[in-house]
Amino acid sequence: MKPFHPRIAVVTGAGSGIGRGTAKALAARGATVIVADINFATAEDTVTLIRSHGGRAYSYALDVGDIASMEAFADYVRTVHGVPDIVVNNAGIVVGGPFFDIRRADLQRIVDVNLLAVVHGCKLFGAQMAERGRGGHLVNVSSIAAFTPVRLGTPYAFTSAAVKHFSDALRVELAGQGIRVTAICPGLIATNLAATATLATLSAEQVAITRQIVVKGMTLLGMHPDKAGRRIVDAIARNRAMVPLRLESWLTYVLTRAFPRTARALARVATGPEVERVVRYVIDHPTVIGVAREAAELMPQRPGLQTYWEPPEYDDPPPPPIPIRR
């Protein structure tokens, strides 16, 4: 390993989850961290946590799915803080449900946020790094879904796979300019990803209950995002090309490469139409909603994690980016 002393780092989706954990880990390594998130309140919370431990961080309200906002953000970072040494494209959302029932707006949104935001983030900040001439590191957070088909999660799966392959291709292209690229493919992490999910064919109440149950389940079973952040920073320091984060991600990666037909068969059995019909009968039964609502409220969750918040409605365009420097 070469000495690892980043000066300036940018992390998107850093208001919670993996983004927050990574921002904290980078600050602990001495970096000044620009914390960007569509939820400005949670971005400020992350900055407060970093500063309380003696780190340096600044918050920024950013919708990564808006290209003009991304361009303004990149210009702001270079002008106010300088060219970053590390950029972590972490922001992401989930769109699920039967593919033919997914709204066009939801499909476009997940492509904009999960894929094109990564592409533009690498292009904008990578160009700054190349112009500076001292190299840098681009980190793109994908998912375990990059390795395996996910029934009723096709948009999430294909955008994850695209991010992973894009990172591989970009790593080869930018190697000669000293710009390193790493793809992170997490398994189950205690994040708020499910809290921002859009689920086709479910009622608003069913979606709210599902979000709450899944998020609480993730906090109980998933890796703590601070630990995930430290693993990601270690991967940056070691210049790893791709990191399947957690055992289930490693196993899925190996299984799909060695036995692709078996992996597809397992995905088909685990999430097949028979399972869907049973689940649909249960969630549509009028007596189940009340029980599910009570169960969601009573279900415990790991304390100390900011994981559940209602995302802004993106049908109405968000306001321009709000740079705050204190």
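Keep in mind that this is a model prediction, so the values were computed, not measured. (Residues numbered from 1 in each chain as written. Predicted model: local features only at pLDDT ≥ 70, side-chain atom pairs only at ≥ 80, totals over all residues. Heavy atoms only, no water.)

**Q** Can you help me understand the overall build of the protein in this one?
**A** Regarding its fold elements, the protein presents 11 helices and 10 strands. Buried positions account for 50% of the 326 residues belonging to the protein. Contacts in the protein between residues far apart in sequence, at least 24 positions, make up 75% of those at least 6 positions apart. Accessible area for the protein stands at about 15500 Å²; split by element, carbon and sulfur atoms hold 60% of it. (Helix = DSSP H or I, 4+ residues; strand = E, 2+ residues; numbered from the N terminus. Buried < 20%, exposed > 50% of the residue type's maximum accessible area, 1.4 Å probe, protein only. Contact = heavy atoms within 4.5 Å. Areas by Shrake-Rupley, 256 points an atom, 1.4 Å probe, with all protein chains shown as cover.)

**Q** Can you help me understand empty space enclosed by the protein in this one?
**A** Over the atoms, a rolled probe matching the size of one water molecule traces out where space is still vacant. Counting across every chain of the model gives 1 cavity of 30 Å³ or more. Taken as a whole, the largest cavity holds about 30 Å³ of empty space. For the largest cavity, the full set of lining residues is Thr 12, Val 64, Met 70, Asn 89, Ala 91, Val 113, Ala 117 and Val 118. For the lining of the largest cavity, the leading source of residues is helix H4 (residues 104-132), giving 3 residues. Counted by class, the lining of the largest cavity contains 6 nonpolar, 2 polar and no charged residues. (1 Å grid on protein atoms, 1.4 Å probe; cavity = no way out; pocket = protein on both sides within 12 Å on 5 of 7 lines; lining within 4 Å. Points joined across faces, edges and corners; volume = space filled by probe spheres on them. Nonpolar A, V, L, I, M, F, W, Y, C, P; charged D, E, K, R; others polar.)

**Q** Help me out: how do you make sense of the nonpolar core in this one?
**A** Inside soluble globular proteins, nonpolar side chains tend to come together where they are buried. Counting residues in hydrophobic clusters, the biggest one holds 37 residues, and the most contacted among them are Val 10, Leu 62, Val 64, Phe 73, Val 77, Phe 125 and Leu 138. The set of elements that each furnish at least two residues to this core consists of strand S1 (8-12), strand S2 (32-37), helix H3 (67-80), H4, helix H5 (154-174) and strand S7 (179-186). When residues of this core are assigned to their parent elements, the largest contribution, 9 residues, is made by H4. If we skip the residues at most four places from it in the chain, Phe 73 touches Val 10, Ile 34, Ala 36, Tyr 60, Leu 62 and Phe 125. By size, the runner-up hydrophobic cluster in this structure holds 31 residues, among which are Val 11, Ala 23, Ala 27 and Val 243. (Core = buried A, V, L, I, M, F, W, Y, C linked by side-chain atoms within 4.5 Å.)

**Q** Got a minute to help me understand the layout of surface pockets in this structure?
**A** Its boundaries defined by the atoms lining it, the second largest pocket holds a volume of some 330 Å³. Lining the second largest pocket are 16 residues; nearest its centre among them are Pro 3, Phe 4, His 5, Asp 85 and Arg 180. Those elements that place two or more of their residues in the lining of the second largest pocket are strand S6 (136-141) and helix H7 (225-237). When its residues are assigned to classes, the lining of the second largest pocket shows 6 nonpolar, 4 polar and 6 charged.

**Q** How do you make sense of H5 when you look at a structure like this?
**A** Every α-helical turn comprises 3.6 residues, leaving residues that sit three or four positions apart pointing alike. The end-to-end C-alpha separation of H5 is 30 Å, in line with the 30 Å expected for 21 residues at 1.5 Å each. Among all positions of H5, only Pro 155, Tyr 156, Ala 157, Thr 159, Ser 160, Val 163, Lys 164, Ser 167, Leu 170 and Leu 174 are buried. On its buried face, H5 sits against strand S5 (95-96), H4, S6, S7 and strand S9 (242-245). (Expected span 1.5 Å × (residues − 1).)

**Q** Teacher, can you tell me more about the pairing of strand S3 (residues 56-61) here?
**A** On any regular strand, side chains alternate: one points to one face of the sheet, the next to the other face. Burial analysis of S3 places 5 of its 6 residues in the buried class, which makes it a mostly covered element. Examined bridge by bridge, S2 and S3 share 6 bridges and lie parallel to one another. What sits directly across from Ile 34, in S3, is Tyr 58. The parallel pair S2 and S3, bridged by helix H2 (residues 40-52), forms a crossover whose chirality is right-handed. (Pairing = 2+ DSSP bridges. Right-handed = clockwise from strand over helix to strand, strands pointing away.)

**Q** Hey, could you run me through the packing of aromatic side chains in this one?
**A** For any pair of aromatic rings, the description consists of the separation of the ring centres together with the inter-plane angle of the planes. What the rule picks out here adds up to 6 aromatic pairs. Aromatic rings pair up to connect Tyr 60, Phe 73, Tyr 76 and Phe 125 into one cluster. (Phe/Tyr/Trp six-rings, centres within 6.5 Å; stacked < 30°, edge-to-face > 60°.)

**Q** Just to check I follow, could you spell out the environment of Pro 260 for this structure?
**A** Take Pro 260: it is sitting in helix H9 (residues 260-270). Between the alpha carbons of Pro 260 and Thr 148 there is a distance of 8.6 Å; along the sequence they are 112 residues apart.

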